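Architecture and fold: a report
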Amino acid sequence: MCGVARNVRFTEWDVAEGITVPYGGLPPYHRFQMTYDFSLAGLDDIPGILALQEMNLPDSGGILSVRLTPDWFKDAILEKSVIVGRCESKVVGYVVGSSLAASAHVPIIQAMLRVFPPAPGCYLYGPICVAETERGKGLASAMFGELRARLSGRPAILFIRADNASSLQAHRKMGMQELGTFTNNGVLYVALTYTS
Ligand SMILES: CC(C)(COP(=O)(O)OP(=O)(O)OC[C@H]1O[C@@H](n2cnc3c(N)ncnc32)[C@H](O)[C@@H]1OP(=O)(O)O)[C@@H](O)C(=O)NCCC(=O)NCCS
């Protein structure tokens, strides 16, 4: 089990360091070690990224807007544009920070850029996705921190579906600022920017 270092209260049977123990076998509070790692994605991460993407597309009840192909991820990884979060070698999150040119053919990107022309040097942030079991633990913020360190000083532009409250909240908390709204295929989106 991966966890961000914090005190966790055991209320029932739980797992610590790979061993299942009954409540009472450990003190009620137990400190987990930080066991996620965040780094540039490698080509070996593509299957994990695609699996996570698939689970979060509308066909599977998710909210991601665009299905990106294996070749698109391959190119993005070779351009060092993808950060992954892993837990015990399994991909549990990814975020892309790519050139606007790489997504110039994507209709939703075109729709956003028509309304909100990008600042010079701007990169496109997203998509971002965290495995459902790992949400709310700060992974999105941690992956953005890693991305920002690599693209320091450059402004970012991104969009979030207007009804994706958790993503809007997560990105506001990261310091992203709302530019306004636009529509694509009748769906309302919020455009945001990040300037360091
Ligand atoms: C959006 C997403 C990437 C956020 O990832 P995450 O790792 O859970 O985000 P974080 O843990 O860094 O969250 C930081 C803040 O976001 C807010 N937040 C996260 N989940 C939330 C939820 N379900 N409801 C409301 N706010 C939420 C909180 O303010 C949280 O800070 P707090 O825990 O200190 O209150 C993740 O929910 C996800 O992958 N969703 C499915 C795919 C998706 O929507 N991608 C984004 C498309 S634009």
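Remember, it's a predicted structure, so these values are computed and weren't measured experimentally.

Right, let's talk about the packing of helix H1 (residues 46–55) against helix H2 (residues 70–78) for a bit. When two helices pack together, you describe them by how their axes are tilted relative to each other and by the distance separating the axes. At a closest axis distance of 10 Å, the pairing of H1 and H2 adopts a crossing angle of 130 degrees. Judged by the angle between their axes, H1 and H2 are oblique. Read as a crossing pair, H1 and H2 show a hand that is right-handed. Side by side, H1 and H2 meet where Ile 46, Ile 49 and Leu 50 of the first sit next to Pro 70, Phe 73 and Lys 74 of the second.

Turning next to the nonpolar core. Formed by 25 residues in total, the largest nonpolar core has its most connected members in Val 82, Ile 83, Tyr 94, Val 95 and Met 143. Mapped onto this core, the elements with two or more residues apiece are H1, H2, strand E6 (82–87), strand E7 (90–98), strand E8 (123–130) and helix H4 (139–150). Among the elements that make up this core, the one with the highest residue count is H4 (6 residues). Val 95 has contacts with Ile 83, Ile 128, Met 143, Phe 144 and Leu 147, leaving out every residue within four places of it along the chain. Judged by nonpolar contacts, the second largest core, of 15 residues, contains Ala 156, Ile 157, Leu 158 and Ile 160.

Let us look at the pairing of E6. With 5 bridges joining them, strand E5 (residues 36–40) and E6 adopt antiparallel strand pairing. Looking at E6, one finds that Phe 38 is bridged to Gly 85. Taken together, the 6 bridges between E6 and E7 define a ladder with antiparallel strand orientation. If you follow Val 82 over to E7, its bridge partner there is Val 96. Linking E6 back to E7 in an antiparallel pair, the connection comprises 2 residues, with Glu 88 at a positive phi of about 50 degrees.

Scoring rules and cut-offs
Residues numbered from 1 in each chain as written. Predicted model: local features only at pLDDT ≥ 70, side-chain atom pairs only at ≥ 80, totals over all residues. Axes fitted to C-alpha atoms, helices over the stretch in contact; angles between N-to-C directions. Helix = DSSP H or I, 4+ residues; strand = E, 2+ residues; numbered from the N terminus. Parallel < 35°, antiparallel > 145°, perpendicular 65-115°, else oblique. Left-handed = near helix turned anticlockwise from the far one by under 90°. Contact = placed C-beta atoms within 7 Å. Core = buried A, V, L, I, M, F, W, Y, C linked by C-beta atoms within 7 Å. Buried ≥ 20, exposed ≤ 12 C-beta atoms within 10 Å, placed from the backbone. Pairing = 2+ DSSP bridges.

Everything listed here is a matter of geometry and, on its own, says nothing about what the molecule does.
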